Amino acid sequence: MIILGTILTLVFSAVLIAALLVAAGVFTWVERRVLGFFQERLGPNRVGPFGFLQWVADTVKLITKEDAAPPGADLFAYRLAPVLASAPVLAGFGVIAFAPQMSVAALDMGLIFAMGMLALTVYGMVLGAWASRNRYAMLGGLRAGAQLLAYESFLGLSLMGVVLLTGSFNLGQIVAAQGDLWFVVQQPLGCLLFLIAGTAAAHRLPFDLQESEQDLVAGFMTEYSGMSFALFFLGEYLAILLVAALATTLFFGGWHGPWLPGPVWFGVKMGVIAFAFIWVRAALPRPRYDQLITFAWKAALPLALLNLLLTGALVVLGGQP
Amino acid sequence: MNATFALWAGSLALISALLVVTRASVVHALIWLLVTLLSLSASFFALGASFAGAAQILIYAGAILAVFVFVVMTVDASPKALEQERARLGRAWVPPALVAALVLVPLFAWRGAPGADTAAPMGAAVSATDLGMLLFGPWAAVVEIASGLLLAALMGARHLGRRGKPEGRG
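Residues numbered from 1 in each chain as written. Chains lettered and ligands numbered in written order. Predicted model: local features only at pLDDT ≥ 70, side-chain atom pairs only at ≥ 80, totals over all residues. Heavy atoms only, no water.

*Asks:* What's the story with the overall build of chain A in this structure? I'm lost.
*Replies:* For chain A, the count of helices and strands is 12 helices and 0 strands. For 321 residues, the compact-globule formula gives about 20 Å, and the C-alpha radius of gyration of chain A, at 20 Å, lands near that figure. Seen along its three principal axes, the alpha-carbon backbone of chain A occupies a region of about 65 × 50 × 45 Å. Summarising the internal contacts of chain A: among those between residues at least 6 apart in sequence, 75% fall at separations of at least 24. (Helix = DSSP H or I, 4+ residues; strand = E, 2+ residues; numbered from the N terminus. Rg over C-alpha atoms; globule rule 2.2 N^0.38 Å. Contact = heavy atoms within 4.5 Å.)

Shown next, in the form of C-alpha coordinates:
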(Lines give C-alpha, C1' and ligand atoms only; values in the text may rest on other atoms or scores of the structure.)
Protein backbone atom coordinates (compact mmCIF):
# COMPACT_ATOMS: atom_id res chain seq x y z
CA MET A 1 0.00 0.00 0.00
CA ILE A 2 2.84 2.39 0.88
CA ILE A 3 4.69 1.37 -2.28
CA LEU A 4 1.59 1.98 -4.38
CA GLY A 5 1.21 5.40 -2.80
CA THR A 6 4.87 6.22 -3.51
CA ILE A 7 4.51 5.17 -7.14
CA LEU A 8 1.35 7.28 -7.51
CA THR A 9 3.14 10.29 -6.00
CA LEU A 10 6.10 9.80 -8.35
CA VAL A 11 3.80 9.55 -11.40
CA PHE A 12 1.88 12.63 -10.29
CA SER A 13 5.05 14.67 -9.79
CA ALA A 14 6.40 13.56 -13.19
CA VAL A 15 3.14 14.60 -14.86
CA LEU A 16 3.13 17.88 -12.92
CA ILE A 17 6.73 18.70 -13.89
CA ALA A 18 6.01 17.94 -17.55
CA ALA A 19 2.84 20.06 -17.47
CA LEU A 20 4.70 22.94 -15.80
CA LEU A 21 7.54 22.87 -18.33
CA VAL A 22 5.02 22.96 -21.19
CA ALA A 23 3.04 25.70 -19.43
CA ALA A 24 6.20 27.80 -19.01
CA GLY A 25 6.99 27.29 -22.72
CA VAL A 26 3.49 28.25 -23.82
CA PHE A 27 3.61 31.22 -21.47
CA THR A 28 6.65 32.63 -23.27
CA TRP A 29 4.67 32.52 -26.50
CA VAL A 30 1.58 34.10 -24.87
CA GLU A 31 3.75 36.84 -23.42
CA ARG A 32 5.43 37.67 -26.72
CA ARG A 33 2.10 37.69 -28.58
CA VAL A 34 0.26 39.75 -25.97
CA LEU A 35 3.15 42.22 -25.58
CA GLY A 36 3.10 42.52 -29.36
CA PHE A 37 -0.58 43.49 -29.32
CA PHE A 38 0.01 45.94 -26.47
CA GLN A 39 2.68 47.61 -28.58
CA GLU A 40 0.62 47.58 -31.79
CA ARG A 41 2.63 44.90 -33.54
CA LEU A 42 1.94 41.24 -34.23
CA GLY A 43 4.55 39.31 -32.25
CA PRO A 44 5.70 35.84 -33.36
CA ASN A 45 3.01 34.49 -35.73
CA ARG A 46 4.87 32.29 -38.26
CA VAL A 47 5.46 28.88 -36.66
CA GLY A 48 2.25 26.80 -36.52
CA PRO A 49 -1.29 28.22 -36.11
CA PHE A 50 -1.07 31.81 -34.75
CA GLY A 51 2.61 31.15 -34.12
CA PHE A 52 1.70 28.76 -31.33
CA LEU A 53 4.62 26.43 -32.01
CA GLN A 54 7.13 29.26 -31.60
CA TRP A 55 8.07 28.03 -28.11
CA VAL A 56 8.88 24.56 -29.53
CA ALA A 57 11.16 26.13 -32.12
CA ASP A 58 12.79 28.26 -29.43
CA THR A 59 13.38 25.21 -27.23
CA VAL A 60 15.00 23.28 -30.07
CA LYS A 61 17.20 26.27 -30.84
CA LEU A 62 18.28 26.69 -27.22
CA ILE A 63 19.09 22.99 -26.79
CA THR A 64 21.23 22.84 -29.91
CA LYS A 65 23.03 26.14 -29.24
CA GLU A 66 26.55 26.21 -27.85
CA ASP A 67 26.62 26.58 -24.08
CA ALA A 68 29.72 28.70 -23.69
CA ALA A 69 31.44 29.88 -20.52
CA PRO A 70 33.59 33.03 -20.49
CA PRO A 71 37.32 32.62 -19.85
CA GLY A 72 38.11 33.16 -16.18
CA ALA A 73 34.68 31.98 -15.08
CA ASP A 74 34.39 29.79 -12.00
CA LEU A 75 32.99 26.72 -13.76
CA PHE A 76 31.63 24.96 -10.66
CA ALA A 77 29.45 27.89 -9.65
CA TYR A 78 28.80 28.91 -13.26
CA ARG A 79 27.18 25.56 -14.09
CA LEU A 80 25.38 25.27 -10.76
CA ALA A 81 23.71 28.69 -10.88
CA PRO A 82 21.09 28.01 -13.62
CA VAL A 83 20.01 24.85 -11.81
CA LEU A 84 19.59 26.79 -8.57
CA ALA A 85 17.50 29.34 -10.45
CA SER A 86 14.95 26.82 -11.75
CA ALA A 87 14.92 23.64 -9.63
CA PRO A 88 13.67 25.18 -6.33
CA VAL A 89 10.70 26.76 -8.08
CA LEU A 90 9.67 23.36 -9.42
CA ALA A 91 10.00 21.98 -5.89
CA GLY A 92 7.78 24.80 -4.64
CA PHE A 93 4.92 23.49 -6.78
CA GLY A 94 5.06 20.28 -4.77
CA VAL A 95 2.97 21.74 -1.95
CA ILE A 96 0.34 23.49 -4.12
CA ALA A 97 -3.11 21.87 -3.78
CA PHE A 98 -4.81 21.93 -7.20
CA ALA A 99 -7.95 20.27 -5.83
CA PRO A 100 -8.92 18.61 -2.53
CA GLN A 101 -6.30 15.90 -1.83
CA MET A 102 -4.54 16.77 -5.12
CA SER A 103 -1.00 17.80 -4.25
CA VAL A 104 2.36 16.03 -4.36
CA ALA A 105 3.02 16.63 -0.65
CA ALA A 106 0.33 18.17 1.57
CA LEU A 107 2.88 19.52 4.07
CA ASP A 108 1.45 21.20 7.14
CA MET A 109 4.12 23.88 6.58
CA GLY A 110 3.30 24.13 2.87
CA LEU A 111 3.16 27.91 2.72
CA ILE A 112 6.53 28.45 4.44
CA PHE A 113 8.08 25.74 2.27
CA ALA A 114 6.87 27.41 -0.94
CA MET A 115 8.18 30.79 0.21
CA GLY A 116 11.53 29.26 1.13
CA MET A 117 11.78 27.74 -2.34
CA LEU A 118 11.04 31.12 -3.92
CA ALA A 119 13.75 32.69 -1.76
CA LEU A 120 16.33 30.08 -2.83
CA THR A 121 16.23 31.27 -6.45
CA VAL A 122 18.36 34.26 -5.46
CA TYR A 123 21.39 31.95 -5.20
CA GLY A 124 21.06 31.22 -8.90
CA MET A 125 21.29 34.92 -9.59
CA VAL A 126 24.10 35.93 -7.23
CA LEU A 127 26.22 32.83 -7.91
CA GLY A 128 25.74 33.14 -11.68
CA ALA A 129 26.68 36.78 -11.44
CA TRP A 130 29.79 36.14 -9.37
CA ALA A 131 30.92 33.14 -11.42
CA SER A 132 30.69 35.02 -14.72
CA ARG A 133 33.46 37.45 -13.71
CA ASN A 134 31.68 40.19 -15.59
CA ARG A 135 31.02 43.64 -14.17
CA TYR A 136 27.50 43.97 -15.54
CA ALA A 137 26.65 40.55 -14.17
CA MET A 138 28.15 41.49 -10.80
CA LEU A 139 26.06 44.66 -10.56
CA GLY A 140 22.97 42.63 -11.40
CA GLY A 141 23.85 40.07 -8.73
CA LEU A 142 24.29 42.75 -6.07
CA ARG A 143 20.94 44.25 -6.99
CA ALA A 144 19.36 40.80 -6.82
CA GLY A 145 20.70 40.27 -3.30
CA ALA A 146 19.50 43.63 -1.97
CA GLN A 147 16.13 43.24 -3.66
CA LEU A 148 15.59 39.78 -2.19
CA LEU A 149 16.20 41.07 1.34
CA ALA A 150 13.90 44.03 0.80
CA TYR A 151 11.01 42.06 -0.67
CA GLU A 152 11.29 38.81 1.25
CA SER A 153 10.63 40.73 4.46
CA PHE A 154 7.08 41.75 3.59
CA LEU A 155 6.31 38.87 1.22
CA GLY A 156 5.99 36.59 4.22
CA LEU A 157 4.28 39.17 6.44
CA SER A 158 1.64 39.97 3.82
CA LEU A 159 0.51 36.34 3.91
CA MET A 160 0.30 35.99 7.67
CA GLY A 161 -3.14 37.61 7.73
CA VAL A 162 -4.50 34.70 5.69
CA VAL A 163 -2.70 32.25 7.97
CA LEU A 164 -4.28 33.93 11.02
CA LEU A 165 -7.76 33.69 9.50
CA THR A 166 -7.30 30.03 8.57
CA GLY A 167 -5.20 28.88 11.50
CA SER A 168 -3.02 26.74 9.25
CA PHE A 169 0.01 26.86 6.94
CA ASN A 170 -1.40 23.98 4.89
CA LEU A 171 -2.35 25.26 1.43
CA GLY A 172 -5.19 22.73 1.09
CA GLN A 173 -6.77 23.91 4.35
CA ILE A 174 -6.35 27.55 3.36
CA VAL A 175 -8.34 26.92 0.18
CA ALA A 176 -10.92 24.86 2.05
CA ALA A 177 -11.49 27.82 4.39
CA GLN A 178 -12.52 29.99 1.43
CA GLY A 179 -15.65 28.04 0.48
CA ASP A 180 -17.97 30.97 1.20
CA LEU A 181 -15.78 34.01 0.84
CA TRP A 182 -12.44 34.55 -0.89
CA PHE A 183 -9.72 35.97 1.33
CA VAL A 184 -9.15 38.82 -1.10
CA VAL A 185 -12.32 40.39 0.36
CA GLN A 186 -11.08 40.14 3.95
CA GLN A 187 -7.42 40.81 3.13
CA PRO A 188 -7.34 43.35 0.25
CA LEU A 189 -4.17 45.02 1.54
CA GLY A 190 -2.45 41.68 2.11
CA CYS A 191 -3.38 40.58 -1.40
CA LEU A 192 -2.03 43.77 -2.96
CA LEU A 193 1.23 43.58 -0.99
CA PHE A 194 1.64 39.90 -1.87
CA LEU A 195 1.20 40.58 -5.58
CA ILE A 196 3.79 43.39 -5.44
CA ALA A 197 6.25 41.23 -3.50
CA GLY A 198 5.49 38.30 -5.80
CA THR A 199 6.36 40.39 -8.84
CA ALA A 200 9.65 41.25 -7.18
CA ALA A 201 10.28 37.63 -6.16
CA ALA A 202 9.75 36.51 -9.76
CA HIS A 203 11.95 39.49 -10.78
CA ARG A 204 9.51 40.73 -13.36
CA LEU A 205 9.09 44.27 -14.65
CA PRO A 206 8.82 46.76 -12.98
CA PHE A 207 11.01 44.95 -10.42
CA ASP A 208 13.60 43.49 -12.76
CA LEU A 209 16.47 45.85 -12.07
CA GLN A 210 18.91 42.97 -11.63
CA GLU A 211 18.58 42.19 -15.33
CA SER A 212 17.47 45.52 -16.74
CA GLU A 213 18.57 45.48 -20.36
CA GLN A 214 19.11 49.22 -20.76
CA ASP A 215 21.77 49.72 -18.12
CA LEU A 216 23.10 46.22 -17.33
CA VAL A 217 22.82 44.39 -20.71
CA ALA A 218 21.06 41.40 -19.06
CA GLY A 219 22.45 41.67 -15.55
CA PHE A 220 23.38 38.42 -13.86
CA MET A 221 22.77 36.33 -16.99
CA THR A 222 24.77 38.47 -19.41
CA GLU A 223 27.34 35.75 -20.08
CA TYR A 224 24.96 32.80 -20.30
CA SER A 225 23.92 31.15 -23.55
CA GLY A 226 22.16 28.03 -24.77
CA MET A 227 20.48 25.79 -22.25
CA SER A 228 21.98 27.53 -19.19
CA PHE A 229 20.35 30.76 -20.35
CA ALA A 230 17.13 28.84 -20.96
CA LEU A 231 17.19 27.49 -17.40
CA PHE A 232 17.34 31.04 -16.02
CA PHE A 233 14.35 31.98 -18.15
CA LEU A 234 12.55 28.79 -17.21
CA GLY A 235 13.09 29.71 -13.56
CA GLU A 236 11.65 33.16 -14.13
CA TYR A 237 8.52 31.93 -15.91
CA LEU A 238 8.01 29.12 -13.42
CA ALA A 239 8.31 31.69 -10.62
CA ILE A 240 5.53 33.73 -12.23
CA LEU A 241 3.37 30.61 -12.39
CA LEU A 242 4.23 29.74 -8.78
CA VAL A 243 3.35 33.23 -7.55
CA ALA A 244 0.10 33.05 -9.54
CA ALA A 245 -0.66 29.64 -8.05
CA LEU A 246 0.05 30.94 -4.53
CA ALA A 247 -2.14 34.01 -5.10
CA THR A 248 -4.95 31.75 -6.39
CA THR A 249 -4.59 29.53 -3.35
CA LEU A 250 -4.34 32.25 -0.74
CA PHE A 251 -6.62 34.99 -1.96
CA PHE A 252 -8.81 33.83 -4.85
CA GLY A 253 -10.45 30.69 -3.55
CA GLY A 254 -8.21 28.04 -5.15
CA TRP A 255 -10.31 25.28 -6.68
CA HIS A 256 -13.67 26.73 -5.58
CA GLY A 257 -16.05 27.70 -8.40
CA PRO A 258 -19.37 26.69 -9.93
CA TRP A 259 -20.00 24.11 -12.73
CA LEU A 260 -16.40 23.36 -13.75
CA PRO A 261 -14.21 20.81 -11.88
CA GLY A 262 -11.76 22.17 -9.30
CA PRO A 263 -8.41 21.83 -11.14
CA VAL A 264 -9.92 23.66 -14.16
CA TRP A 265 -10.92 26.58 -11.96
CA PHE A 266 -7.46 26.59 -10.41
CA GLY A 267 -5.86 26.71 -13.86
CA VAL A 268 -8.18 29.47 -15.08
CA LYS A 269 -7.49 31.69 -12.06
CA MET A 270 -3.76 31.03 -12.34
CA GLY A 271 -3.89 31.96 -16.02
CA VAL A 272 -5.72 35.24 -15.36
CA ILE A 273 -3.17 36.28 -12.71
CA ALA A 274 -0.26 35.29 -14.95
CA PHE A 275 -1.85 37.36 -17.73
CA ALA A 276 -1.97 40.31 -15.34
CA PHE A 277 1.82 39.96 -14.94
CA ILE A 278 2.21 40.53 -18.69
CA TRP A 279 -0.22 43.45 -18.55
CA VAL A 280 1.73 45.11 -15.75
CA ARG A 281 4.95 44.61 -17.69
CA ALA A 282 3.46 46.34 -20.72
CA ALA A 283 1.92 49.20 -18.76
CA LEU A 284 4.50 50.27 -16.14
CA PRO A 285 7.95 51.82 -16.49
CA ARG A 286 10.91 50.64 -14.47
CA PRO A 287 11.57 52.69 -11.30
CA ARG A 288 14.99 53.86 -10.18
CA TYR A 289 16.82 51.40 -7.96
CA ASP A 290 16.76 53.52 -4.79
CA GLN A 291 13.01 54.15 -5.27
CA LEU A 292 12.47 50.39 -5.44
CA ILE A 293 14.34 49.68 -2.20
CA THR A 294 12.91 52.71 -0.39
CA PHE A 295 9.37 51.62 -1.27
CA ALA A 296 9.98 48.12 0.09
CA TRP A 297 11.43 49.15 3.45
CA LYS A 298 9.58 52.38 4.16
CA ALA A 299 6.12 51.81 2.70
CA ALA A 300 5.41 48.13 2.08
CA LEU A 301 6.93 46.65 5.26
CA PRO A 302 5.07 48.99 7.68
CA LEU A 303 1.83 48.40 5.74
CA ALA A 304 2.29 44.63 5.99
CA LEU A 305 2.89 44.94 9.75
CA LEU A 306 -0.22 47.11 10.09
CA ASN A 307 -2.25 44.55 8.16
CA LEU A 308 -0.99 41.79 10.43
CA LEU A 309 -1.77 43.82 13.55
CA LEU A 310 -5.33 44.67 12.43
CA THR A 311 -6.05 41.08 11.37
CA GLY A 312 -4.72 39.78 14.66
CA ALA A 313 -6.86 42.25 16.61
CA LEU A 314 -9.96 41.29 14.61
CA VAL A 315 -9.33 37.58 15.08
CA VAL A 316 -8.85 37.99 18.83
CA LEU A 317 -11.90 40.26 19.26
CA GLY A 318 -14.08 38.17 16.95
CA GLY A 319 -13.16 34.97 18.76
CA GLN A 320 -12.31 33.15 15.52
CA PRO A 321 -9.67 30.34 15.57
CA MET B 1 11.99 4.89 6.40
CA ASN B 2 11.96 8.35 8.00
CA ALA B 3 14.81 7.48 10.38
CA THR B 4 16.92 6.24 7.47
CA PHE B 5 16.23 9.41 5.55
CA ALA B 6 17.08 11.59 8.54
CA LEU B 7 20.35 9.71 8.99
CA TRP B 8 21.15 10.05 5.30
CA ALA B 9 20.40 13.80 5.29
CA GLY B 10 22.38 14.24 8.51
CA SER B 11 25.42 12.53 7.00
CA LEU B 12 25.11 14.75 3.96
CA ALA B 13 25.05 17.76 6.28
CA LEU B 14 28.22 16.55 8.04
CA ILE B 15 30.09 15.91 4.79
CA SER B 16 29.14 19.25 3.31
CA ALA B 17 30.02 21.01 6.58
CA LEU B 18 33.50 19.45 6.32
CA LEU B 19 33.70 20.73 2.76
CA VAL B 20 32.71 24.22 3.98
CA VAL B 21 35.74 24.52 6.25
CA THR B 22 38.18 22.96 3.80
CA ARG B 23 37.40 24.98 0.64
CA ALA B 24 39.94 27.62 -0.32
CA SER B 25 37.46 29.67 -2.33
CA VAL B 26 35.05 31.38 0.02
CA VAL B 27 32.17 31.30 -2.47
CA HIS B 28 32.55 27.53 -2.89
CA ALA B 29 32.48 27.25 0.89
CA LEU B 30 29.20 29.19 0.89
CA ILE B 31 27.70 26.85 -1.72
CA TRP B 32 28.53 23.91 0.55
CA LEU B 33 27.12 25.80 3.52
CA LEU B 34 23.88 26.08 1.55
CA VAL B 35 23.95 22.30 1.03
CA THR B 36 24.55 21.85 4.77
CA LEU B 37 21.58 24.02 5.71
CA LEU B 38 19.27 22.35 3.18
CA SER B 39 20.20 18.83 4.28
CA LEU B 40 19.73 19.83 7.93
CA SER B 41 16.28 21.06 6.96
CA ALA B 42 15.58 17.75 5.21
CA SER B 43 16.50 15.81 8.33
CA PHE B 44 14.27 18.11 10.43
CA PHE B 45 11.38 17.30 8.10
CA ALA B 46 12.11 13.59 8.33
CA LEU B 47 12.16 13.75 12.13
CA GLY B 48 8.75 15.44 12.20
CA ALA B 49 9.89 18.96 13.09
CA SER B 50 8.41 20.45 9.96
CA PHE B 51 8.26 24.01 11.30
CA ALA B 52 11.96 23.97 12.15
CA GLY B 53 12.66 22.48 8.72
CA ALA B 54 10.67 25.10 6.83
CA ALA B 55 12.05 27.95 8.93
CA GLN B 56 15.55 26.59 8.32
CA ILE B 57 15.06 27.00 4.57
CA LEU B 58 13.31 30.35 4.70
CA ILE B 59 15.39 32.09 7.36
CA TYR B 60 18.84 30.51 7.27
CA ALA B 61 19.15 29.44 3.65
CA GLY B 62 16.87 32.15 2.27
CA ALA B 63 17.76 35.30 4.14
CA ILE B 64 20.81 34.95 6.38
CA LEU B 65 23.00 33.13 3.89
CA ALA B 66 21.90 35.58 1.19
CA VAL B 67 23.48 38.34 3.28
CA PHE B 68 26.68 36.27 3.50
CA VAL B 69 26.74 35.79 -0.25
CA PHE B 70 26.12 39.49 -0.68
CA VAL B 71 29.19 40.38 1.39
CA VAL B 72 31.41 37.64 0.04
CA MET B 73 30.73 38.50 -3.59
CA THR B 74 32.49 41.79 -3.09
CA VAL B 75 35.61 40.00 -1.77
CA ASP B 76 38.51 39.52 -4.17
CA ALA B 77 38.59 35.82 -5.10
CA SER B 78 41.03 35.83 -8.01
CA PRO B 79 43.55 32.94 -8.15
CA LYS B 80 46.30 35.33 -7.02
CA ALA B 81 44.37 36.43 -3.94
CA LEU B 82 43.60 32.78 -3.12
CA GLU B 83 47.31 31.96 -3.32
CA GLN B 84 48.08 34.75 -0.85
CA GLU B 85 45.37 33.50 1.50
CA ARG B 86 46.74 29.94 1.46
CA ALA B 87 50.27 31.18 2.20
CA ARG B 88 48.98 33.29 5.08
CA LEU B 89 46.97 30.44 6.65
CA GLY B 90 49.82 28.04 7.56
CA ARG B 91 48.96 26.61 10.95
CA ALA B 92 45.90 28.80 11.50
CA TRP B 93 43.67 25.72 11.63
CA VAL B 94 45.20 24.53 14.94
CA PRO B 95 43.38 26.78 17.49
CA PRO B 96 39.88 26.19 15.99
CA ALA B 97 40.57 22.45 15.93
CA LEU B 98 41.53 22.55 19.64
CA VAL B 99 38.33 24.44 20.49
CA ALA B 100 36.28 21.89 18.52
CA ALA B 101 37.99 19.08 20.44
CA LEU B 102 37.10 20.81 23.74
CA VAL B 103 33.46 20.94 22.63
CA LEU B 104 33.57 17.24 21.80
CA VAL B 105 34.70 16.23 25.31
CA PRO B 106 31.39 16.82 27.15
CA LEU B 107 29.56 15.24 24.22
CA PHE B 108 31.36 11.95 24.86
CA ALA B 109 31.42 12.36 28.63
CA TRP B 110 27.63 12.60 28.61
CA ARG B 111 27.11 9.27 26.92
CA GLY B 112 27.09 7.37 30.16
CA ALA B 113 24.92 9.86 32.04
CA PRO B 114 21.44 8.70 33.07
CA GLY B 115 18.68 9.62 30.63
CA ALA B 116 21.15 10.50 27.91
CA ASP B 117 19.91 7.99 25.38
CA THR B 118 16.20 8.62 25.65
CA ALA B 119 15.88 9.51 21.99
CA ALA B 120 13.14 11.85 20.83
CA PRO B 121 10.11 10.00 19.43
CA MET B 122 10.69 9.51 15.71
CA GLY B 123 8.31 10.94 13.18
CA ALA B 124 5.84 12.34 15.73
CA ALA B 125 5.05 15.59 13.96
CA VAL B 126 5.14 18.77 16.05
CA SER B 127 2.41 21.14 14.94
CA ALA B 128 2.99 24.87 14.57
CA THR B 129 0.24 25.52 17.14
CA ASP B 130 1.99 23.39 19.79
CA LEU B 131 5.30 25.06 19.04
CA GLY B 132 3.71 28.53 19.23
CA MET B 133 2.03 27.67 22.54
CA LEU B 134 5.40 26.62 23.94
CA LEU B 135 7.25 29.65 22.60
CA PHE B 136 4.72 32.18 23.86
CA GLY B 137 3.84 30.27 27.03
CA PRO B 138 6.61 28.72 29.19
CA TRP B 139 9.42 30.10 27.02
CA ALA B 140 8.04 33.60 26.46
CA ALA B 141 10.84 35.25 28.46
CA VAL B 142 13.51 33.59 26.29
CA VAL B 143 11.73 34.71 23.10
CA GLU B 144 11.59 38.27 24.44
CA ILE B 145 15.30 38.22 25.31
CA ALA B 146 16.10 36.99 21.80
CA SER B 147 14.00 39.76 20.29
CA GLY B 148 15.83 42.25 22.50
CA LEU B 149 19.09 41.05 20.93
CA LEU B 150 17.60 41.68 17.50
CA LEU B 151 16.56 45.16 18.56
CA ALA B 152 20.12 45.88 19.72
CA ALA B 153 21.42 44.65 16.36
CA LEU B 154 18.91 46.89 14.60
CA MET B 155 20.06 49.93 16.55
CA GLY B 156 23.69 49.01 15.85
CA ALA B 157 22.96 48.80 12.14
CA ARG B 158 21.20 52.18 12.28
CA HIS B 159 24.25 53.64 14.00
CA LEU B 160 26.73 52.20 11.49
CA GLY B 161 24.57 53.11 8.54
CA ARG B 162 23.95 56.77 9.43
CA ARG B 163 25.39 59.43 7.22
CA GLY B 164 27.43 62.43 8.38
CA LYS B 165 25.21 64.81 6.48
CA PRO B 166 22.32 64.18 4.12
CA GLU B 167 23.38 64.24 0.49
CA GLY B 168 21.63 64.23 -2.87
CA ARG B 169 18.16 62.82 -3.28
CA GLY B 170 16.76 61.17 -0.24
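Once the structure has been displayed, the description carries forward.
*Asks:* Looking at this structure, I do not really get the UniProt feature "transmembrane region" (unreviewed entry) in chain B. What am I missing?
*Replies:* All names here are of chain B. Feature annotation in UniProt assigns "transmembrane region" (unreviewed entry) to the following positions: residues 45-72, 93-113 and 133-155. End C-alpha atoms of residues 45-72 are separated by 30 Å, and the span's content is 89% helix alongside 0% strand. Between the end C-alpha atoms of residues 133-155 there is a gap of 29 Å, over a span that is 87% helix and 0% strand. (UniProt positions renumbered as here; feature names shortened; annotations may be inferred.)

*Asks:* Would you take a moment to explain unusual backbone geometry for this structure?
*Replies:* Most peptide bonds adopt trans geometry, and most residues besides glycine take a negative phi value. All names here are of chain A. One non-glycine residue, Glu40, lies in positive phi territory at about 55 degrees. Mapped onto the elements of the fold, Glu40 is located in the loop between helix H1 (2-38) and helix H2 (54-64). In this model, Phe50 sits at a positive phi of 55 degrees, which is unusual for a non-glycine residue. The topology assignment puts Phe50 in the loop between H1 and H2.

*Asks:* Where do I start with empty space enclosed by the protein in this structure?
*Replies:* It is a probe the size of a water molecule, rolled over the atoms, that shows where empty space is left. Residue and element names in this part refer to chain A. Tallying each qualifying case throughout the model produces 3 cavities of 30 Å³ or more. Along the walls of the largest cavity sit 12 residues, with Met125, Gln147, Leu148, Ala200 and Ala201 positioned nearest its centre. Of all the elements in the fold, those that place two or more residues in the lining of the largest cavity are helix H4 (110-132), helix H5 (135-166) and helix H8 (188-201). With 5 residues, H5 is the single largest residue contributor to the lining of the largest cavity. The residue inventory of the lining of the largest cavity, partitioned by class, reads 7 nonpolar, 4 polar and 1 charged. (1 Å grid on protein atoms, 1.4 Å probe; cavity = no way out; pocket = protein on both sides within 12 Å on 5 of 7 lines; lining within 4 Å. Points joined across faces, edges and corners; volume = space filled by probe spheres on them. Nonpolar A, V, L, I, M, F, W, Y, C, P; charged D, E, K, R; others polar.)

*Asks:* I keep staring at the interface of chain A and chain B and nothing clicks. Help me out?
*Replies:* The extent of an interface is frequently quoted as the accessible surface area lost upon association of the parts. Across the contact, 32 residues belong to chain A and 28 residues belong to chain B. For chain A, the biggest contributors to the area lost against chain B are Met109, Tyr123 and Trp130 of chain A; these three give 25% of the whole. The interface formed by chain A and chain B contains 0 salt bridges. Broken down by element, the side of chain A that touches chain B gets its largest block of residues, 12 residues, from H4 of chain A. Class assignment of the residues belonging to the side of chain A that touches chain B gives a composition of 23 nonpolar, 3 polar and 6 charged. (Buried area = accessible area lost by both parts, 1.4 Å probe. Salt bridge = Lys/Arg side-chain N within 4 Å of Asp/Glu carboxyl O.)

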